[in-house]
2 protein chains.
Amino acid sequence: MIRETALAARAAGATLAARSGAERRALLGALADALGDPATRATIFAANARDLESGRAEAARGDLAPALLKRLGLDAAKLDAVADGLRQLTAMTDLVGQVTLRRSLDDGLTLERVACPLGVLGVVFEARPDALLQIVGLALRSGNAVLLKGGREALGTNRVLTGIVHEVLSAHGLDARLCVLLEDRADVGALFALDDVVDLIVARGSSAFVQHVKESTRIPVMGHAAGVCHMYLHAAADPAMAAALAVDAKTTYPAACNALETLLWDAGAGAALDAAVAALRRAGVELRACPATLARHPELRPATDADFGVEFGALILAVRQVAGLDGALGHIAQHGSRHTEAIVTQDGAAAEMFLRAVDAASVFHNASNRFADGYRYGLGAEVGISTDKLHARGPVGVDGLLTYKWMLRGSGQLTASYGAGGRPFKFRDL
Amino acid sequence: MIRETALAARAAGATLAARSGAERRALLGALADALGDPATRATIFAANARDLESGRAEAARGDLAPALLKRLGLDAAKLDAVADGLRQLTAMTDLVGQVTLRRSLDDGLTLERVACPLGVLGVVFEARPDALLQIVGLALRSGNAVLLKGGREALGTNRVLTGIVHEVLSAHGLDARLCVLLEDRADVGALFALDDVVDLIVARGSSAFVQHVKESTRIPVMGHAAGVCHMYLHAAADPAMAAALAVDAKTTYPAACNALETLLWDAGAGAALDAAVAALRRAGVELRACPATLARHPELRPATDADFGVEFGALILAVRQVAGLDGALGHIAQHGSRHTEAIVTQDGAAAEMFLRAVDAASVFHNASNRFADGYRYGLGAEVGISTDKLHARGPVGVDGLLTYKWMLRGSGQLTASYGAGGRPFKFRDL
C-alpha cells in the first residue's frame, strides 16, 4: 500500500522534474500566496487551535511532552516566515538540469554531468507543523516528490496544510500524489523499509530523534546531528571579542546544535578567559572548570571528565585549559562531534593552521559558532546540518536534495575501438 | 589495537593533506619509478610466484576458487599498467584545497567551501594485488590514509608491495603508518566496526563481494554495484549501428557490471532487431526471447520471467519487445539497477526524452553501455562505479575520496546582531 503510494509519488515527481525552473518557481509563489489568503489562514488557525486544545489535554494527563506542545502552535508570524522562506526559494538559481561538467571524449562523443532530483523524499518531523511547509517548499523547488509523516498531535493542522499544497499542485496541472501525508504510525515503518523506492529520509527534530531515525532504516538520513562545538581562545585572542563571541555562541539558543559546549583556552589567553568568564556569568551561564581554570577562577564549579564532549543543550559550559594550538586540536579531535569549531585570535597564521587542521564540517576564525546555519550561509533554506562527510556536509541547502547523472551522446561508438592498439580517447573539457 | 593503528593513520594522513599538491604528485611519481626498478620488480615477481604456487596447490585441493587464482598473477604488463595509471594521476588537477564557493556574508565575514580529504579509507579487495597499488595511488593523490586488507592468497605479494610504498613514504619524510596492510582476517571485523575513525570503505571485487561488505559495516561503502543494463532499440534505430552496439555492450567483457543484460526493441525496430540478433548469434551469445521476439525469431530460446532484471555475467542476453518509449521506460524502471541505460535511435527528440526520463547513473544515446567507466569518462582512475545517488554516482574518480569543509573568517561578528530588527546579511558571491 505504502509502496504503491511511493511509486505514484515517484511518477508524479518525474513530471515535476521535467517542468522548467520557472514553472517550479511559480508553484512555490502560488503556495506562498495561498498562505497569505485570509480564508485559508482562518482554516489553518482553526485546525491548529483544535490540535492545541487536544494537546493541552494530553499534556495535562502527562501523555504529551510540554516541549512538543510548545512547538505545535502555528501563529501568523510563523506562517508569514514560512511564506517569506518560500518566496526566497523562488529567487534562488534553479539547480535542476544544471550541467556541472561537459567533456568531449572523442569526435562525436560528448559526456555531460547533469544535476537532477533525488526522486522521492521521506520526511519525518516532530510537532512543528511549519516544518511541513518548509520541507515541501524545498522538495518542490528541487523537483522531488515527498512522503510526509508528522507527529500525531499536529495531524489536524498537517491535514489542512497538505490540502492547501494539493490545491496548488492541482491548479498547476500536477498530480497531487506528489505530496502525500502519512497518517498512521505503522506507515513510518513501511516507509523506512522502502529502500528501493525512497531515496532520502529527511528527519526534522532533536538530534536524538534524528539518531533514532538513522537506526531505523537503511535509507540515507539527513537531519540535524549532535553538535559538541568548541571555541578555542588562542594566546593572541582579543579579550573583548572573546567574551562577546563566547556569550553569543553559548546563550543565543542553547538547545541548538551549533551552540557552544566547551570553551578551551591557552595559558597565554588568561585575560581573554577572564573577560569571557565574567561575561558568561553575567549572562547566567553555569561554568564547569578544569583544575587549571579553577586555579585562576576558584569561584567556578569543578568539571568532571564527563563534562567534556557533552551537548548540554542548556546554559552550561565546560571550560578547559589546553597546551597551545596542538592541545586544542587534540582536545577537539578527541571530544568534538565534527560540527562547528572556532578559534579566537588576532594571529592570522595560527588561525589558518586551525582552520586547515580541524576535521569538522565548519571551522571558524573570529566568528560565533552559531553562524553554522543554512540561512546565515546564504543557502536560502536548510534541510539540516550534517556531520557526515559524504554527499553534503555542514548546513545543507536545496543542493542536498539533488544528485546527478552522466549523459553520453554518441554516434555509434564502440568501446572495442579504443584502448590497446586502437583509437586513443581525445579528452577535452568543453 | 586496530583503533590505535587507524588513529595513527589519521594523524599521518593529516600531514600528507597539509603538503602541497606538487609534493603529493612527487610521491606518486616516485612510486611509479620504484615499480620500474629491476631489482624491485624481481622481488615482487618472486613473492607473487610463491603466492601463485601456494594458490595452485590450494586450488588443486579445492580450497581456492580458480577465478581468484587467475586474478592473483602479477606480471610485467600489469605492473606497467599500474605505473602508467599512477603517472596519469600525477597529471590531474589537484582537487585538495580547491575553493568551490566563496561568499561574503557581510563586511569582513567571508565564507569558503574548501575541498579536503575524507581522512581514513578502509580498503578491502579480492585476489588482485595490482588493486592495492591503484588504491594507494588514489588515496595518496587525494591526501587520505589507507588501511588495506587483501585476500590471504596474495599476502606475500601484498607485503612486498606495501613495503615499497613504505620506502617511498619514508624517503619523502612521511610516516609509513599512512598506509597499513592488515594481515589477519579478524582485523577486517575490527576495521568495519571503526565507524568513528574510518570515513569510507572501498571494496574491490565482484558485486556480490561489495554487497557482502555493505551488509557488514555502518561505514559508507563504495565499490562496483550490480549492473542490470538495458539497450533500447527505438523505432528509428539504425540497424547496423544497433547490431554493432549490442555486440560491443554484451561481448567485450560479459562479467563487467556495465555489460548489457537485456535488449529491448520497439515493434517498429524490427530491422534493427534482426540485425542485432544475427550479429549477437555470430558472436556466440545465447539469446532468451519474449513471445513477441520469438514470433519474429522462432530460432531463439524462450525467456522466462526470471531472465529479466538479471545480471547474467556471461554471454547470455534477454530480449523483449516493448510498447514504444513508454514501454521501455516502464521496463527499465521495474527491472533496471540504475547503472547504465542506453537508447539507439536516429530520432534526437526521442533520445533526449529517454536521457531525461531514465533514472540511472549513466544514460546513453547511440553509444555502448560499456563506456560507463572512470578511465573512459576521463576521470584518470576509478574508485568504483556507484549506483547510489548520494555523494558520488556512476564512475567515481579521485573526487569521490574528497569531502569539503566550510571555512568562515570573521572579525568578531555575533549572530545576535543579525535577523529580526538587526543587521541584514549582505550576501555576495565572490
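Definitions and limits used
Starting from 1, residues in each chain are numbered consecutively following that chain's sequence as written. Going through the entries in the order they are written, you letter the chains from A and number the ligands from 1. Side-chain atom pairs in this predicted model are given and counted only at pLDDT of 80 or more, local residue features only at pLDDT of at least 70, and totals for whole chains, interfaces and linings cover all residues. Strands here mean DSSP runs of E at least two residues long; helices mean DSSP runs of H or I at least four residues long; both are numbered from the N terminus. Remark: C-beta atoms are placed from the backbone, and a residue is labelled buried if 20 or more other C-beta atoms sit within 10 Å of its own, exposed if 12 or fewer do, or partly exposed between those counts. A residue pair is marked as a contact if its C-beta atoms, positioned from the backbone, fall within 7 Å. Least squares is the method used to superpose the copies, on C-alpha atoms of residues holding a pLDDT of at least 70 in both. When DSSP finds two or more bridges between two strands, those strands count as paired. Angles here are taken between N-to-C directions and fall from 0 to 180 degrees, while the axes themselves are lines fitted to C-alpha atoms, restricted in helices to the stretch in contact. Note on residue categories: nonpolar means Ala, Val, Leu, Ile, Met, Phe, Trp, Tyr, Cys or Pro, charged means Asp, Glu, Lys or Arg, and polar means any other residue, Gly included. These descriptions rest on fixed angle ranges, namely under 35 degrees for roughly parallel, over 145 for roughly antiparallel, 65 to 115 for roughly perpendicular, and the rest for oblique. Each crossing is labelled by how the near helix is turned from the far one, with a counterclockwise turn of less than a right angle marking it left-handed and a clockwise turn marking it right-handed. Residue ranges assigned to the domains are those given by an automatic or database domain assignment. In this usage, the nonpolar core is the set of buried Ala, Val, Leu, Ile, Met, Phe, Trp, Tyr and Cys residues whose C-beta atoms join them within 7 Å.

Focus: the overall build of chain A
Phase 1 of the analysis: Scanning chain A from terminus to terminus reveals 14 helices and 18 strands.
Phase 2 of the analysis: Burial analysis of chain A (430 residues in total) assigns 53% to the buried set.
Phase 3 of the analysis: A separation threshold of at least 6 residues defines the contact pool for chain A, and within that pool the share at least 24 residues apart is 71%.

Some details on the relation of the copies chain A and chain B
Phase 1 of the analysis: Placing chain A over chain B gives an RMSD of 0.0 Å and needs a rotation angle of 180 degrees, together with 0.0 Å of translation along the axis. On the angle and the small slide along the axis, the relation comes out as a two-fold axis. Among all residues of chain A, the one whose C-alpha sits closest to the rotation axis is His391(A), at a distance of 1.8 Å.
Phase 2 of the analysis: The residues that chain A uses at the interface reappear at the interface of chain B in 100% of cases, marking a shared surface.

Examining the sheet that holds strand β3 (residues 120–125) of chain B
Residue and element names in this part refer to chain B.
Phase 1 of the analysis: Pairing is parallel in the open sheet, where 5 strands are placed in the order β5-β4-β3-β6-β7. In the strand order of this sheet, the two ends are held by β5 (179–181) and β7 (221–223), each with one partner. Each strand of the sheet is rotated relative to its neighbour by a mean of 20 degrees, with strand direction disregarded.
Phase 2 of the analysis: Pairing between β3 and strand β6 (residues 200–204): 5 bridges, direction parallel. Counterpart to Val 124 in the pairing with β6 is Ala 203.

So, the interface of chain A and chain B
When the parts of a complex come together, some accessible area is lost, and that lost area is often used as the size of the interface.
Phase 1 of the analysis: Contacts between chain A and chain B engage 54 residues on the former and 54 residues on the latter.
Phase 2 of the analysis: Secondary-structure elements contributing two or more residues to the side of chain A that touches chain B are α1 (2–18), β1 (99–106), β2 (109–117), α10 (239–251), α14 (348–357), β14 (362–367) and β17 (402–413) of chain A.
Phase 3 of the analysis: With 11 residues, the top contributor of residues to the side of chain A that touches chain B is β17(A).
Phase 4 of the analysis: When its residues are assigned to classes, the side of chain A that touches chain B shows 28 nonpolar, 15 polar and 11 charged.
Phase 5 of the analysis: Pairing analysis gives 5 bridges linking β14(A) to strand β17 (residues 402–413) of chain B, with the strands arranged parallel.

Points about the packing of helix α2 (residues 21–36) of chain A against helix α7 (residues 155–171) of chain A
All names here are of chain A.
Phase 1 of the analysis: Relative orientation of the contacting elements α2 and α7 amounts to 135 degrees, with a least axis distance of 10 Å. Judged on the interaxial angle alone, α7 and α2 are oblique. For the pair α2 and α7, the crossing hand works out as right-handed. Of α7, the residues touching α2 (which contributes Leu 27, Ala 30, Leu 31 and Ala 34) are Ile 164, Val 165, Val 168 and Ala 171.

Some remarks on the domain arrangement of chain A
Phase 1 of the analysis: Partitioning chain A into domains gives domain 1 (2–97 + 119–224) and domain 2 (229–371).
Phase 2 of the analysis: Using C-alpha coordinates to define each centre, domain 1 of chain A is positioned 37 Å away from domain 2 of chain A.

Let's talk about the sheet that holds β2(A)
Either a parallel or an antiparallel arrangement is found when strands of a sheet pair, and the pairing is made through backbone hydrogen bonds.
Phase 1 of the analysis: Here we have 11 strands laid out as an open sheet, ordered β18(A)-β1(A)-β2(A)-β17(A)-β14(B)-β13(B)-β8(B)-β9(B)-β12(B)-β10(B)-β11(B), and mixed in their pairing. Two strands close off the open sheet at either side, each with one partner strand: β18 (428–429) of chain A together with β11 (301–302) of chain B.
Phase 2 of the analysis: As paired elements, strand β10 (residues 286–289) of chain B and β11(B) share 2 bridges and run parallel to each other. For Arg288(B), the partnering residue across the bridge sits in β11(B) and is Arg301(B).

Topic: the nonpolar core
Phase 1 of the analysis: Membership of the largest hydrophobic core comes to 137 residues, with the highest contact counts inside it found for Leu233(A), Ala242(A), Ala246(A), Ala276(A) and Val344(A).
Phase 2 of the analysis: Leave out the neighbours within four places in its chain, and Ala246(A) touches Met231(A), Leu260(A), Leu263(A), Ala276(A), Ala279(A) and Leu280(A).
Phase 3 of the analysis: By size, the runner-up hydrophobic cluster in this structure holds 136 residues, among which are Leu16(B), Leu182(B), Val247(B) and Val285(B).

Some remarks on the packing of helix α3 (residues 38–60) of chain A against α7(A)
All names here are of chain A.
Phase 1 of the analysis: Two numbers describe how α3 lies on α7: the axes approach to 7 Å, and their chain directions differ by 160 degrees. In terms of orientation, α3 and α7 fall into the roughly antiparallel class. When α3 is examined against α7, the residues Thr 40, Thr 43, Ile 44, Ala 47, Asn 48, Arg 50 and Asp 51 are found in contact with a partner set consisting of Gly 156, Thr 157, Val 160, Leu 161 and Ile 164.
Phase 2 of the analysis: Its residues assigned to classes, the contact of α3 with α7 comprises 5 nonpolar, 5 polar and 2 charged.

A word on the pairing of β17(B)
Phase 1 of the analysis: Relative to β17(B), strand β2 (residues 109–117) of chain B is paired through 8 bridges, and the arrangement is antiparallel. Among the inter-strand pairings, Val114(B) is bridged to a residue of β17(B), identified as Lys405(B).

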